[in-house]
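What follows is the residue order along each chain.
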Amino acid sequence: MTLQDKYALVTGASAGIGEDTARVLAREGANVALAARREERLEGLADELASAFGVETLVVPTDVRDEEAVEAMVRTTVEEFGRLDVLVNNAGVGVGGDVADVTTDEYRLMMETNVDGVFFATQAAIPHLRETDGNLVFVGSFAGQYPRPGNPTYAATKWWVRGFAHSLEGQIGPDGVGVSVVNPTEVRTEFASESDTAFEDHFDPGEVTEPEEVAEAIAFAASQERSTVHEIDLYRRDKFDGW
Ligand SMILES: NC(=O)c1ccc[n+]([C@@H]2O[C@H](COP(=O)([O-])OP(=O)(O)OC[C@H]3O[C@@H](n4cnc5c(N)ncnc54)[C@H](OP(=O)(O)O)[C@@H]3O)[C@@H](O)[C@H]2O)c1
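Presented here is an overview of the structure given in this document. (Residues numbered from 1 in each chain as written. Predicted model: local features only at pLDDT ≥ 70, side-chain atom pairs only at ≥ 80, totals over all residues. Heavy atoms only, no water.)

On the surface, E39, E40, E43 and D47 cluster together to form a negatively charged patch. Note on placement: E40 falls in helix 2 (residues 39-53). (Patch = residues over 30% accessible without salt bridge, like charges linked within 9 Å, V, L, I, M, F, W, Y side chains within 5 Å. Areas by Shrake-Rupley, 256 points an atom, 1.4 Å probe, with all protein chains shown as cover. Salt bridge = Lys/Arg side-chain N within 4 Å of Asp/Glu carboxyl O. Lys, Arg positive; Asp, Glu negative; His and termini not counted. Charge placed at Lys NZ, Arg CZ, Asp CG, Glu CD. Helix = DSSP H or I, 4+ residues; strand = E, 2+ residues; numbered from the N terminus.)

Right, here's the structure in full:
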């Protein structure tokens, strides 16, 4: 199992789990294409990874809610890199809470980012992953495995991700593509900053999972040559306390 000289595309690479995933993939020798909306952050990360690890980097500013932009993201990556071995579907948002109060804009933001964006990217990447016997990694969530009374809409987007990923595993696994889902519990990132306190400010260091831990799990799934890492659950150790 190796990521050396592979070509990977990571969505949501401007912060949190995606940023650290790009870092770990590059550390392991993979060339990385970085996608998100905040171009300046992607440029900074690209420079850092190229000089620290000597890998090829590519910045593909993308809003994953925009189907044409996502197609262009995959097309540009394959044109520049010549191939695609790994897609990490990581970009995602969680906003709002009580269903009675969720605004239509909040609902659409989560559905368009967490569901539509994942669908568009996956669809565009499949032909290229079939060519390389590559790996497709989805960032799911504990909220996609158990009910989340605090934000049922967000939870439902992550149940969709898992349902889609595992069904797709049955469809493209026989073609040689690995399909994995990585489910974290709380991670100290900018998550929730759109409508609330970011998790990195809400939780103290050591209280919950750090993004680099999730990144290592994603890299393990992405490095498989023959097997599929079906699902990795990475939970804070006290998650079931008082469950
Ligand atoms: N943190 C947690 O506790 C936790 C737990 C379980 C699962 N997750 C999942 O982990 C994934 C990453 O979240 P995170 O915790 O790393 O949060 P984060 O620090 O807020 O990072 C989110 C990333 O997604 C990108 N993004 C958001 N909307 C986008 C859009 N429309 N187009 C392109 N990129 C977009 C952001 O970049 P731009 O703003 O620059 O576009 C950013 O790079 C998400 O799928 C989330 O649901 C998080």
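Quick look at the pairing of strand 2 (residues 31-36) now. The element strand 2 is largely enclosed, with a buried count of 6 among its 6 residues. In the sheet, strand 1 (residues 7-11) pairs with strand 2 via 5 bridges, with the strands oriented parallel. From the neighbouring strand, V10 faces strand 2, where its bridge partner is L34. In terms of handedness, the path from strand 1 via helix 1 (residues 16-27) over to strand 2 forms a crossover that is right-handed. With 5 bridges joining them, strand 2 and strand 3 (residues 57-61) adopt parallel strand pairing. When the bridges of strand 3 are listed, L34 appears paired with V59. Read as a crossover between parallel neighbours, the route from strand 2 over helix 2 to strand 3 is right-handed. (Buried < 20%, exposed > 50% of the residue type's maximum accessible area, 1.4 Å probe, protein only. Pairing = 2+ DSSP bridges. Right-handed = clockwise from strand over helix to strand, strands pointing away.)

The geometry of two aromatic rings is summed up by the distance between their centres and the angle between their planes. In this structure the tally under the stated criterion is 13 aromatic pairs. Seen from their ring centres, F119 and F164 are 6.0 Å apart, and the 50° between their planes marks the pair as tilted. Of this pair, F119 sits in helix 4 (residues 104-132) while F164 sits in helix 5 (residues 152-172), placing them 45 residues apart in sequence. A ring pair is formed by F142 and F240, whose centres lie 5.9 Å apart and whose planes are at 55°; its orientation type is tilted. You can see F142 sitting in the loop between strand 5 (135-139) and helix 5 and its partner F240 sitting in the segment after strand 7 (231-234), a full 98 residues away along the chain. Each member of the aromatic cluster is reached from another via a ring pair, and the members are F119, F120, F138, W160 and F164. Across the ring face of F142, the terminal group of K239 is positioned such that the distance to the ring centre comes to 4.7 Å. (Phe/Tyr/Trp six-rings, centres within 6.5 Å; stacked < 30°, edge-to-face > 60°. Lys NZ or Arg CZ within 6 Å of the ring centre and 35° of its normal.)

Neighbouring residues of the ligand: 31 residues in total, closest S14, R37, N90, Y154 and T189. Take A15: an N or O atom from its main chain is 3.3 Å from an oxygen atom of the ligand. Measuring from an oxygen atom of the ligand, one finds a side-chain N or O atom of R38 at 2.8 Å. Elements with a minimum of two residues in the shell around the ligand: helix 1 and helix 5. Residues belonging to the shell around the ligand are distributed by class as follows: 13 nonpolar, 11 polar and 7 charged. (Near = heavy atom within 4 Å. Polar contact = N/O pair within 3.5 Å; in protein donor to acceptor, adjacent residues only side chain to side chain. Nonpolar A, V, L, I, M, F, W, Y, C, P; charged D, E, K, R; others polar.)

The subject of this paragraph is the sheet that holds strand 3. Strand order in this open sheet of 7 strands is 3-2-1-4-5-6-7, and the pairing throughout is parallel. Of all strands in the sheet, those bounded by a partner on one side alone are strand 3 and strand 7. Neighbour-to-neighbour, the strand axes of this sheet turn through a mean angle of 15°, independent of strand direction. Relative to strand 5, strand 4 (residues 86-89) is paired through 4 bridges, and the arrangement is parallel. Note that in strand 5 the partner of V88 across the bridge is V137. (Axes fitted to C-alpha atoms, helices over the stretch in contact; angles between N-to-C directions.)

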